[in-house]
Amino acid sequence: MQSSGHRFRDVEHHPLLADNDSYDSSSSSSEADMADRVWFIRDGCGMVCAIMTWLLVVYADFVVTFVMLLPSKDFWYSVINGVLFNCLAVLALSSHLRTMLTDPGAVPKGNATKEYMDNLQLKPGEVIYKCPKCCSIKPERAHHCSICKRCIRKMDHHCPWVNNCVGEKNQRFFVLFTMYIALISAHALVLCGFQFFSCVRGQWTECSDFSPPVTVILMIFLCLEGFLFLTFTAVMFGTQIHSICNDETEIERLKSEKPTWERRLRWEGMKSVFGGQPSLLWINPFAGFRIRRLLLRGKKGGPEFSV
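If you're wondering where the values come from, they're calculated on a predicted model, not measured in any experiment.

1. Observations concerning empty space enclosed by the protein
In step 1: On inspection of all chains with the given rule, the structure shows one cavity of 30 Å³ or more.
In step 2: There is about 80 Å³ of room inside the largest cavity.
In step 3: If you trace the largest cavity, you find it lined by Val57, Ala60, Ile181, Ile184, Ser185, Ala188, Leu222, Glu225, Gly226 and Phe229.
In step 4: When contributions to the lining of the largest cavity are tallied by element, the ones reaching two or more residues are helix H2 (44-69), helix H5 (171-201) and helix H6 (212-245).
In step 5: Its residues assigned to classes, the lining of the largest cavity shows seven nonpolar, two polar and one charged.

2. Concerning unusual backbone geometry
In step 1: Of note in the backbone geometry, Arg141 takes a positive phi value of approximately 70 degrees without being a glycine.
In step 2: Looking at the element boundaries, Arg141 is found in the loop between strand S4 (136-138) and strand S5 (142-145).
In step 3: Relative accessible area serves as the criterion here: at 13%, Arg141 is assigned to the buried category.
In step 4: Even without a glycine there, the phi angle at Asn163 is positive, about 50 degrees.
In step 5: A residue is classified by how much of its surface remains accessible, and Asn163, at 0% relative accessible area, is buried.

3. Brief notes about the nonpolar core
In step 1: In this structure, Val64, Met68, Phe174, Ile181, Leu222 and Phe274 are the most contacted members of the largest nonpolar core, which totals 35 residues.
In step 2: Secondary structure elements with two or more residues in this core: H2, helix H3 (75-101), H5, H6 and helix H8 (267-274).
In step 3: When residues of this core are assigned to their parent elements, the largest contribution, ten residues, is made by H5.
In step 4: Beyond its immediate sequence surroundings of up to four residues, Leu222 is in contact with Tyr59, Ala60, Val63, Val64, Met68, Ala188 and Cys192.
In step 5: Within the second largest apolar cluster, nine residues are counted, among which are Trp39, Ala106, Cys148 and Ile152.

4. Points about a nonpolar patch on the surface
In step 1: A cluster of nonpolar side chains, Phe62, Phe66, Leu70, Phe210 and Val214, forms an exposed patch at the surface whose accessible area comes to about 430 Å².
In step 2: In this structure, Phe210 sits in the loop between H5 and H6.
In step 3: The partly exposed category is assigned to Phe210, whose relative accessible area is 32%.

5. Observations concerning the UniProt feature "transmembrane region" (unreviewed entry) in the protein chain
In step 1: The positions that UniProt labels "transmembrane region" (unreviewed entry) are, in the present scheme, residues 44-69, 75-93, 173-196 and 216-237.
In step 2: A helix fraction of 100% and a strand fraction of 0% characterise residues 44-69, whose end C-alpha atoms lie 36 Å from each other.

6. What about the state of the cysteines?
In step 1: For the structure shown, the criterion picks out zero disulfides.
In step 2: Free cysteine Cys165: the closest other cysteine sulfur is in Cys145, separated by 3.2 Å.
In step 3: Accessibility expressed as a relative area gives 0% for Cys165, which makes it buried.
In step 4: Unpaired in terms of disulfides, Cys223 finds its nearest cysteine sulfur in Cys192, a separation of 3.7 Å.
In step 5: Cys223 sits in the partly exposed class, given a relative accessible area of 22%.

7. Overview of the side chain of Glu252
In step 1: You can see Glu252 is positioned in helix H7 (residues 250-254).
In step 2: Among the polar contacts listed, one links the side chain of Glu252 to the side chain of Arg141, at a separation of 2.8 Å.

8. Observations concerning the packing of aromatic side chains
In step 1: For the coordinates displayed, the defined rule picks out six aromatic pairs.
In step 2: Centre to centre, the rings of Phe62 and Phe66 are 5.4 Å apart; their planes meet at 35 degrees, and the pair counts as tilted. Here Phe66 and Phe62 lie together in helix H2, a separation of four residues that amounts to about one turn.
In step 3: Assessed through its relative accessible area of 41%, Phe66 is described here as partly exposed.
In step 4: A ring pair is formed by Trp267 and Trp282, whose centres lie 5.9 Å apart and whose planes are at 40 degrees; its orientation type is tilted. Linking Trp267 in helix H8 with Trp282 in the loop between H8 and helix H9 (291-300), this pair joins segments that are 15 residues apart in sequence.
In step 5: The class for Trp282 is buried, based on a relative accessible area of 8%.
In step 6: Here the aromatic cluster, defined as three or more aromatic residues joined through ring pairs, consists of Phe62, Phe66 and Phe210.

Reading the values: the criteria
- Residues numbered from 1 in each chain as written.
- Predicted model: local features only at pLDDT ≥ 70, side-chain atom pairs only at ≥ 80, totals over all residues.
- Heavy atoms only, no water.
- 1 Å grid on protein atoms, 1.4 Å probe; cavity = no way out; pocket = protein on both sides within 12 Å on 5 of 7 lines; lining within 4 Å.
- Points joined across faces, edges and corners; volume = space filled by probe spheres on them.
- Helix = DSSP H or I, 4+ residues; strand = E, 2+ residues; numbered from the N terminus.
- Nonpolar A, V, L, I, M, F, W, Y, C, P; charged D, E, K, R; others polar.
- Buried < 20%, exposed > 50% of the residue type's maximum accessible area, 1.4 Å probe, protein only.
- Core = buried A, V, L, I, M, F, W, Y, C linked by side-chain atoms within 4.5 Å.
- Contact = heavy atoms within 4.5 Å.
- Patch = residues over 30% accessible without salt bridge, like charges linked within 9 Å, V, L, I, M, F, W, Y side chains within 5 Å.
- Areas by Shrake-Rupley, 256 points an atom, 1.4 Å probe, with all protein chains shown as cover.
- Salt bridge = Lys/Arg side-chain N within 4 Å of Asp/Glu carboxyl O.
- UniProt positions renumbered as here; feature names shortened; annotations may be inferred.
- Disulfide = S-S within 2.5 Å.
- Polar contact = N/O pair within 3.5 Å; in protein donor to acceptor, adjacent residues only side chain to side chain.
- Phe/Tyr/Trp six-rings, centres within 6.5 Å; stacked < 30°, edge-to-face > 60°.

This is the structure in structure tokens:
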């Protein structure tokens, strides 16, 4: 590599892969190939947490709809709150799916080959880094995830609840997921408060289609779930917005890494993550989603399962 005029570094001081190395380059994926495949992480803990997230949202929707709203005598109260809660639930689960199934910014595996290096046309003396774990050239601000087994650009953290890393390409959907979960949790707590007051005032007669003990148990569990989810997601939402506005990931903050990049602060950071000027598209998890493109992905190569 000295003849190339640039330097190569990595954390564990592994040499650059040579032509006769045993690494199977056929297992690596190019950027174009990655863009044409569905991203999914085969992690047992993550898949269990993702399923639990959906079940908890479905449980909350069941209690709100069938225990509190449908038995209500106030028609417009039931309709307005039912439509609002279910819309927020759909947006939350859609944001969850897009966070889970979107490539967070994975660096192609095994691209640290001599041929690839020669094609980079690096300047003399320029330092580049190789990840010894996934054998890839490590871009600036990329970190290796031991669960995804890939280097992720602008990796913030790995979240088991979405079974994926939060990185450069899916941070927007993760922020929306935490926001909508916080909103439906707060909405559920408010509805529970009104329902308890209504039931106590009416002495639990015609309060619900379920018996009073069952109604109380279902609503207590919903209150506990709503309080825990509201606390967790509200804190996470605030942390994510703070990180975006300061252009600093959670890993960079914990490691106290000094910024070597041009920081995009406040609105510039928000626009870089959510895209363009402030608009309703910022809070729309369906923005940029195309069913036709997804079908073409399936025909082209099927879903990609991270290894």
